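Below, each chain spelled out in residue letters.
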Amino acid sequence: MKKTGMAKSDAKKLMGQMSAPGAASFGKVAEVVDKREQRKRDQALGLVPFAVKLNGDLVQQLHAKAKEREIDLNQLVGELLAQSLAA
C-alpha cells in the first residue's frame, strides 16, 4: 500500500472513532475491559450476577433515586436490599 493510501485509511479509522458512540471522551485514554476480565474483577470483589424482573415503574424509581444520590444503580440496589434484610 502506498503512503497516501495508508494516510487515507488512518483518516477513515479516525473519523469512525470520532463518530462512534462515546465520542465525547475521544482522545482520552479509556480502560477497556473485556467481559471475562470484568467477571474476574467482580468475583474478586465477591460480586455475583443476580437478575430479577421488576415492574417498570419500580425501575424508574430506582434510576431516579440512584441519579439523585449520584451512585451506581448496583450500589443503590445492594444498599436497599441490605437495609430491608437487616430490618
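The structure under discussion appears in the preceding block.
Since we're looking at a predicted model, the values are computed, not measured. (Residues numbered from 1 in each chain as written. Predicted model: local features only at pLDDT ≥ 70, side-chain atom pairs only at ≥ 80, totals over all residues. Heavy atoms only, no water.)

Draft legend 1. Representation of the overall build of the protein. Broken down by element type, the protein carries four helices and zero strands. Listing the helices and strands of the protein from first to last along the sequence gives α-α-α-α. Split into buried and exposed, the 87 residues of the protein put 3% on the buried side. With an accessible surface of roughly 8,300 Å², the protein has 58% of that area assigned to carbon and sulfur atoms. (Helix = DSSP H or I, 4+ residues; strand = E, 2+ residues; numbered from the N terminus. Buried < 20%, exposed > 50% of the residue type's maximum accessible area, 1.4 Å probe, protein only. Areas by Shrake-Rupley, 256 points an atom, 1.4 Å probe, with all protein chains shown as cover.)

Draft legend 2. Quick peek at helix 4 (residues 73–86). The end-to-end C-alpha separation of helix 4 is 20 Å, in line with the 20 Å expected for 14 residues at 1.5 Å each. Two to three positions downstream of the cap, the backbone nitrogen of Asn-74 sits 3.2 Å from a side-chain oxygen, assigning the N-cap of helix 4 to Asp-72. (Expected span 1.5 Å × (residues − 1). Polar contact = N/O pair within 3.5 Å; in protein donor to acceptor, adjacent residues only side chain to side chain.)

Draft legend 3. Just the packing of helix 3 (residues 56–69) against helix 4, in detail. It is the contact of helix 3 with helix 4, at a shortest axis distance of 9 Å, that shows an interaxial angle of 105°. Here helix 3 lies roughly perpendicular to helix 4, going by the angle between them. Residues Leu-62, His-63, Lys-65, Ala-66 and Arg-69 of helix 3 touch helix 4, and the partners they reach there are Leu-73, Leu-76, Val-77, Glu-79 and Leu-80. Among the residues making up the contact of helix 3 with helix 4, the classes are represented as six nonpolar, one polar and three charged. (Axes fitted to C-alpha atoms, helices over the stretch in contact; angles between N-to-C directions. Parallel < 35°, antiparallel > 145°, perpendicular 65-115°, else oblique. Contact = heavy atoms within 4.5 Å. Nonpolar A, V, L, I, M, F, W, Y, C, P; charged D, E, K, R; others polar.)

Draft legend 4. Structural view of the pattern of salt bridges. Taken as a whole and assessed by the stated rule, the structure comprises two salt bridges. The salt bridge involving Glu-79 is made with Arg-69; its shortest N-O contact spans 2.5 Å. With a gap of 10 residues between them, Glu-79 in helix 4 and Arg-69 in helix 3 connect regions that are remote in the sequence. (Salt bridge = Lys/Arg side-chain N within 4 Å of Asp/Glu carboxyl O.)

Draft legend 5. Inspection of the environment of Leu-76 at higher detail. Within the secondary structure, Leu-76 sits in helix 4. Among the residues examined, Leu-76 registers a relative accessible area of 0% and is labelled buried. Excluding residues that lie within four positions of it along the chain, Leu-76 makes contacts with Leu-62, Lys-65, Ala-66, Arg-69 and Ile-71.

Without other data, these values stay purely geometric and don't point to any function.
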